[in-house]
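Structural overview
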Amino acid sequence: MTPFSESTDANLVLTLEEITSLAEQEGKPADTLMNVVALIATRFRTDVCSAYLLEPDRSNLVLAATLGLHPRSIGTLRMPLHEGLSGLVAEQLIPIAVSDAREHPRYKFFKDSGEEEYHSFLGVPLIDRGVLQGVLVVQTKDTRIFLDTEIRMLAEAANQVAPVVSEARTLDRFIAPAQEKLWELARNVWWCWDNECVSLFRDLNPTRFRQLNQNPIALLNEIPLAEIERRATELVLHSRINYTYRRQQEYLHDDRTWGASHAGVLRPRPVAYFSAEFGLHESLPIYSGGLGVLAGDHIKSASDLDIPLIGVGLFYGQGYFLQRLDGTGWQREEYLQTDVNQLPMQQAIGVNGEPVVVEIATRNGSIRAKVWRAKVGRCDLLLLDSNVAGNAPEDLETTSRLYGGDARTRIRQELLLGVGGYRALKAMGITPGVLHLNEGHSGFAVFEAIRSRMEEEGLDFYSAARQIPREVIFTTHTPVPAGHDRFSPDLIEEHLGPLRDELGISHENLMGFGREHPTDFQETFCMTVLGLKLARRVNAVSSLHGEVSRAMWRGLYDDGPEDAVPIGHVTNGVHVPSWLAPQMRRLYDRHLGVGWQRQSGAAHTWSAIETVDDGELWETHLSLKGQLFNFIRRRAREQAERRAEPAESLKRLDKVLSPDALTIGFARRFATYKRANLLLKDLERLAAMVNDAKRPVQFVFAGKAHPHDEPGKTVLQQIAQMMRHKDFGDKFIFIEDYDINVARHLVQGVDVWLNNPRRPLEASGTSGMKVVLNGGLNLSVLDGWWAEAYDGLNGFAIGNGRTHSNMDVHDSRDGEALYRALLDEVIPLYYQRDRDGLPRGWIKRMKRTIRTLGWRFNADRQVMDYTLGCYIPAAGGTSSEVRTLA
């Protein structure tokens, strides 16, 4: 910023007339104060101008207006007068100017303010009629010495502002109640699974909310306070805001929870849940697909149940890629930088009162990472970010992209996740009682936990290594050997060498923990093997996946019987409030009884679905199907406009898909084993099926191929090109950039969810579970979760669960089975209508799938299973365990 000069003195003074004019324009002291600080910042050419008001107890200051600090800190940033430089101004009642605030002994970092980038500080007291009203502060990014002229002119401006501040304090209106509560709601990701809360933000500006990826932080950041108050008044939102805020507070402080009754042992030493990705909401792009969405659902259900659990992950500045298809249907990747100021997270603060920064030594220098903290209902999520000053250029980019880079990038990410994540917990004063490793990416955390135990209790490595595994749960998700991360001995030594030195073991001993055959010095280090060896409890994610995993890893256990391999299973589930359409939730509210959501993991909760009128359920489904079509048409047109397609194509897309046609959805990662193109093996037969005038069928596809997966991209291109085929153009739609938002629309609106992986390569799969909640039916190979879910009447099966050693034969059989299921079962049942136009047989299956599967494949059930079967035993909280000699 340009320093002031004597010649500009006259232009710096705020006149009483100017302030009076601002007050008349806005009417409300809060709005006037916001305009005043903006005017001062402009007039004085500073980066920040803020007004702190003295609270009625006259012992605390509260931020009431600012230009430059985070708007969300208005009304929530409070400081006692004995803290910080602003408090010092209020205590001494004199101006205080500091060239670099961080060097002053009274400097204090306030995590919600966003002031970490500012250096110089000038504060003056706001005094009206001899009584202190608050403090006026200006700040700049550069360090500089303030001139006496600058101090005097700001003090004169404060004299003019003080009456406005006094009025604001007298009326107790210096913080807009609506804005303060909306910010409180937006800062906790709880809002994303509460329909009323989402609708509040949407109603403030529906179009803009959609354009901002349904991000309430971004929305509130760009709506002026006066506009929020105006909209809240016009739409009569104040009572809704108060009601939603009160419900949130009741949720956060309720102590009559399942966790309070069953998981009390975890309260002092919580579960640390490590995952490379977390899929919470589309506006927080730190996930790519199923693993991340599962982790997001896990932490949400842990919050709902009140399980003491802290998520640990990485913050990817560019997230996963933005998908765009070119004119040939080929996938192109774009990476966009995420603005952290638009996300519901703040820097984590350690026990020392400072922002947490972890440091990990390697053989070639140290890697540092700051830690972000997000509130997920009752739970915390910690995200490590290597974009920290002092890191080497390579390390600044370490956490920039999810699943990007080579093996060197991956091991550095996993070092930060595991070792850095554990150190972040300790820096915050958290000693976890349980380590839950969601896949092998975070396996290095166990080594750090061992090192910490050695240091705390004076143990040697092997003594500590006998203790720690009792507290470790390892969940494996990958049913194919090629899917497990492996690192060369050189990479392991480079990155874990200093930690190995502290552990006091040799390089080969360390490598042995990641090798199936420890004495095979040519074998690489496998993260899954590490998890299997250093966890007392290991689980797969479905019953069939448990069988596959035991067969895959029996070599680790002396090639004994598969049944003796200590790998169990906890089948995945989905978070009901996150994936249930509002219309379906209202239907359940009417029929499943009061408080059904708190009992959604119990079978009896869902039995009343059988009493719902067929017409009511069907009309609800058709309403959701219509919403899906509106979404698809809008997105399809946007995609075509981006590719500069002709006007006639755009016009066609405005009416694409028929609400009367059977609509089948397929959305997932485009890996070749998932066989998105299995349907395309017989195009003549497919054309006859989709173009049947009496019983038409249409398909909606979405999904991303990994940037380096060329075969997967080729399959995706085959599907995309169907949109341009003369026989299929109106029957096939591909929606770009598959994310949680796209998934939400699809699972809530399709008639059928198609899943045809090559058995047994699907560990679990969860997208079909989301369809169940909304009344859709699954058509799936008997793999993953569907192998234990299908009962012959609650959906449809492709084949009979048999495989073949010849992959071509396997695919040919499944392709034929898919067509038989469609032509002989699915299509006839859908179009079989009674005199009221209702497909009674179809609706009967809808009810059966909801009743038999809604409770089982539910994240609440999943988290309760983990808590009772893994977390509590690992924490030493079981009340009885009787063992007998074999």
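Residues numbered from 1 in each chain as written. Predicted model: local features only at pLDDT ≥ 70, side-chain atom pairs only at ≥ 80, totals over all residues. Heavy atoms only, no water.

Focus on the packing of helix H15 (residues 407-427) against helix H18 (residues 489-503)
The interhelical angle for the contact between H15 and H18, taken along N-to-C directions, is 25°, at an axis separation of 9 Å. Put simply, H15 runs roughly parallel to H18. From H15, Ala 407, Arg 408, Ile 411, Arg 412, Leu 415, Val 419 and Arg 423 reach across to H18, where they touch Leu 491, Ile 492, Glu 494, His 495, Leu 496, Leu 499 and Glu 502. Each residue belonging to the contact of H15 with H18 can be placed in one class, and the counts come to eight nonpolar, one polar and five charged. (Axes fitted to C-alpha atoms, helices over the stretch in contact; angles between N-to-C directions. Helix = DSSP H or I, 4+ residues; strand = E, 2+ residues; numbered from the N terminus. Parallel < 35°, antiparallel > 145°, perpendicular 65-115°, else oblique. Contact = heavy atoms within 4.5 Å. Nonpolar A, V, L, I, M, F, W, Y, C, P; charged D, E, K, R; others polar.)

Notes on the sheet that holds strand E5 (residues 120-128)
Taken in spatial order, the six strands make up an open sheet running E3-E2-E1-E6-E5-E4, and their pairing is antiparallel. Two strands in the sheet have a free side with no partner beyond their single neighbour: strand E3 (78-80) and strand E4 (96-98). Within this sheet the neighbouring strands show an average axis-to-axis angle of 25°, counted without direction. Sitting on the sheet, helix H4 (residues 84-92) is in contact with strand E1 (48-54), strand E2 (60-67), E3, E4, E5 and strand E6 (131-140), with an inclination near 40° to E5. (Pairing = 2+ DSSP bridges.)

Focus on helix H26 (residues 683-690)
At 3.6 residues per turn, the α-helix brings residues three or four places apart onto the same side. Turning to H26, its buried residues number three or more, namely Leu 686, Ala 687, Met 689 and Val 690. Seen along its axis, H26 keeps its buried residues to an arc of 165°; they face one direction. Turned more than 90 degrees off the buried face of H26, the exposed positions are Glu 684 and Ala 688. In this structure, the buried side of H26 is in contact with strand E22 (697-702), strand E23 (732-735) and helix H31 (807-831). (Buried < 20%, exposed > 50% of the residue type's maximum accessible area, 1.4 Å probe, protein only. Arc of directions from axis to C-beta.)

Focus: the nonpolar core
In this structure, Phe 201, Phe 444, Phe 447, Ile 450 and Tyr 871 are the most contacted members of the largest nonpolar core, which totals 130 residues. The leading source of residues in this core is H15, at eight residues. Those residues within four positions of Tyr 871 in sequence are excluded, and the remaining contacts are Leu 266, Val 271, Tyr 273, His 298, Ile 307, Leu 309, Val 434, His 436, Ile 473 and Tyr 866. Membership of the second largest hydrophobic core comes to 101 residues, among which are Leu 617, Leu 679, Met 689 and Leu 777. (Core = buried A, V, L, I, M, F, W, Y, C linked by side-chain atoms within 4.5 Å.)

What to know about the packing of aromatic side chains
Counting across every chain of the model gives 28 aromatic pairs. The cationic tip of Arg 833 hangs over the ring face of Tyr 830; the distance from NZ or CZ to the ring centre is 4.9 Å. (Phe/Tyr/Trp six-rings, centres within 6.5 Å; stacked < 30°, edge-to-face > 60°. Lys NZ or Arg CZ within 6 Å of the ring centre and 35° of its normal.)

Quick word on the sheet that holds strand E25 (residues 777-781)
Taken in spatial order, the six strands line up as E23-E22-E21-E24-E25-E26 in an open sheet, and their pairing is parallel. Edge positions in the sheet fall to E23 and strand E26 (796-798), since each of these pairs with one other strand and no more. On average, each strand axis in the sheet is inclined to that of its neighbour by 20°, with strand direction left out of account. Pairing of strand E24 (residues 752-755) with E25 involves four bridges; the strand directions are parallel. Bridge pairing in E25 links Leu 754 to Leu 779. The strands touched by helix H24 (residues 614-642) within the sheet are strand E21 (662-667), E22 and E23, with E23 carrying the most contacts at an inclination of about 75°. Against the sheet, helix H28 (residues 740-749) contacts E21, E22, E23 and E24, and its axis sits at roughly 155° relative to E22.

Focus: the packing of H24 against helix H32 (residues 840-853)
As a packed pair, H24 and H32 sit with axes 10 Å apart at the nearest point and diverge in direction by 85°. When the interaxial angle is binned, H24 and H32 end up roughly perpendicular. Taking contact as the criterion, the partners of Asp 614, Leu 617, Trp 618 and His 621 in H24 are, on H32, Arg 840, Trp 842, Ile 843, Met 846 and Lys 847.

Section: the environment of Asn 778
Counting through the fold element by element, Asn 778 comes out in strand E25. Exposure remark for Asn 778: the relative accessible area of 1% places this residue in the buried category. Separated by 702 residues in sequence, Asn 778 and Thr 76 have C-alpha atoms that sit 47 Å apart. Among all residues touching Asn 778, those that are not within four sequence positions of it are Trp 753, Gly 768, Val 772, Trp 785, Trp 786, Gly 795 and Phe 796. For Asn 778, the side chain forms a polar contact with the main-chain oxygen of Gly 768, separated by 3.2 Å. (Polar contact = N/O pair within 3.5 Å; in protein donor to acceptor, adjacent residues only side chain to side chain.)

Brief notes about the confidence of the model for the protein chain
Averaged over the protein chain, the pLDDT score is 92; the fraction of residues at 70 or greater is 95%. Between residues 1-10, whose pLDDT stays under 50, and residues either more than four places distant or in other chains, the model counts 21 contacts. Long-range and interchain partners of residues 171-176, a stretch whose pLDDT sits below 50, account for 16 contacts in this model, where long-range means more than four residues apart. (pLDDT = per-residue confidence, 0-100.)

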